[in-house]
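# An overview of the molecular structure
Each chain is listed here by its residues.
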Amino acid sequence: QAENLNTPIISEEGINMLIQLIKLMKAETVLEIGSAIGYSAIRIALATEAKIVTIEKDSASYQLAVDNIAKCRMTERITILNQDALDVELNQKFDLLFIDAAKSQYLRFLEHFKDNLVSGSVVVCDNLLFHGMVENPDSARSKRTKDLVKKIAKFNQELINHPDFETYIYEIGDGLSISIRK
Ligand code: MG
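An account of the accompanying structure is given in this report. These figures come from a predicted structure and were not determined experimentally.

## Concerning the overall build of the chain
Per the secondary structure count, the chain includes six helices and seven strands. Reading the secondary structure of the chain in the N-to-C direction produces α-α-β-α-β-α-β-β-α-β-α-β-β. Since a compact globule built from 182 residues should have a radius of gyration of about 16 Å, the 16 Å found for the chain is in line with a globular shape. Overall, the chain is about 45 × 40 × 30 Å in size when its C-alpha atoms are taken along their principal axes. The burial tally for the chain puts 48% of its 182 residues in the buried class. Long-range pairs, those at least 24 residues apart, make up 66% of the contacts in the chain with a sequence separation of at least 6. With an accessible surface of roughly 9800 Å², the chain has 49% of that area assigned to carbon and sulfur atoms. If you average the places of the 21 positive and of the 26 negative side-chain charges in the chain, the two averages end up 2 Å apart.

Here is the structure:
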């Protein structure tokens, strides 16, 4: 379905890393920003015991995700919200936050949900190398892509230097960061 709709989903390498991390941490609660069609939330739910809250802004994607979650019989484990994540206020703590949504908003997502994390919570961000363009910005064809790549590169630095997190960025899938909340 993702292929047919041209919806970007996390790489196989990326999702495996994320699932292993969740298992190693024994994470019980996961918050995902950017459900798309529900692929990563469902993969996590199938492979772990975690309860997942996932947020999707786009109504069409949300509807597909709702259907996919129901088809996989994961409605008990996955709560999905059709909202802009920046408008969502949650008073729950999460063991892991997975950010895989609008690339230009990553720092805002991180700051918005920072208080939903506890010391030792982990933040994973996807697409931080953006098809290799972050390391090689001249390979970006359009100005729009170039601007986005610049924003991602800026976020990567902000994340690495963020005083509340200990971060490394890995060349896994499309570039995955792992940050531990201090
Ligand atoms: Mg992604």
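So, next bit.
## Brief notes about the coordination of the magnesium ion
Around a metal, the idealised angle for a tetrahedral arrangement of four donor atoms is 109.5 degrees; for an octahedral arrangement of six donor atoms it is 90 or 180 degrees. Bound to the magnesium ion are the protein donor atoms Asp100 (OD), Asp126 (OD) and Asn127 (OD1), situated 2.0 to 2.4 Å from the metal. Mapping the donors of the magnesium ion onto the primary sequence gives the spacing D-x25-D-N. Linking Asp100 in the loop between β4 (94–99) and α5 (106–113) with Asp126 in the loop between β5 (117–125) and α6 (143–161), this pair joins segments that are 26 residues apart in sequence. Accessibility assignment for this pair places Asp100 and Asp126 in one class, buried.

## Brief notes about the environment of Lys57
By the element assignment, Lys57 lies in the loop between β2 (51–55) and α4 (59–71). Lys57 sits in the exposed class, given a relative accessible area of 58%. Separated by 15 residues in sequence, Lys57 and Ile42 place their C-alpha atoms 18 Å apart. Aside from chain neighbours lying at most four places away, what touches Lys57 is Asn82, Gln83 and Asp84.

## Comments concerning the pattern of salt bridges
A full pass over the atoms with the stated rule returns seven salt bridges. One salt bridge connects Arg43 with Glu12, and the closest N-O pair in it is separated by 3.1 Å. With Arg43 in helix α3 (residues 39–47) and Glu12 in helix α2 (residues 12–25), this residue pair connects regions lying 31 residues apart in the sequence. The class for Glu12 is partly exposed, based on a relative accessible area of 43%. Across the pair Glu158 and Lys154 runs a salt bridge, and its minimum N-O distance is 3.4 Å.

## With respect to the environment of Ile99
With respect to the helices and strands, Ile99 occurs in strand β4. It is 7.5 Å that separates the C-alpha atoms of Ile99 and Val123, two residues lying 24 residues apart in sequence. With residues up to four places along the chain from it excluded, the contact list for Ile99 reads Ile33, Tyr106, Phe109, Leu110, Val123, Val124, Cys125 and Asp126.

## Observations concerning α3
It helps to recall that an α-helix has 3.6 residues per turn; residues three or four apart then point in one direction. Within the sequence span of α3, burial applies to Ser40, Ala41, Ile42, Ile44 and Ala45. Against the buried residues of α3 lie α2, β1 (29–33), β2, α4, β3 (78–81) and β4.

Quick notes on the rules
- Residues numbered from 1 in each chain as written.
- Predicted model: local features only at pLDDT ≥ 70, side-chain atom pairs only at ≥ 80, totals over all residues.
- Heavy atoms only, no water.
- Helix = DSSP H or I, 4+ residues; strand = E, 2+ residues; numbered from the N terminus.
- Rg over C-alpha atoms; globule rule 2.2 N^0.38 Å.
- Buried < 20%, exposed > 50% of the residue type's maximum accessible area, 1.4 Å probe, protein only.
- Contact = heavy atoms within 4.5 Å.
- Areas by Shrake-Rupley, 256 points an atom, 1.4 Å probe, with all protein chains shown as cover.
- Lys, Arg positive; Asp, Glu negative; His and termini not counted.
- Charge placed at Lys NZ, Arg CZ, Asp CG, Glu CD.
- Donors = N, O, S within 2.8 Å, 3.2 Å for Na, K, Ca; no water.
- Salt bridge = Lys/Arg side-chain N within 4 Å of Asp/Glu carboxyl O.

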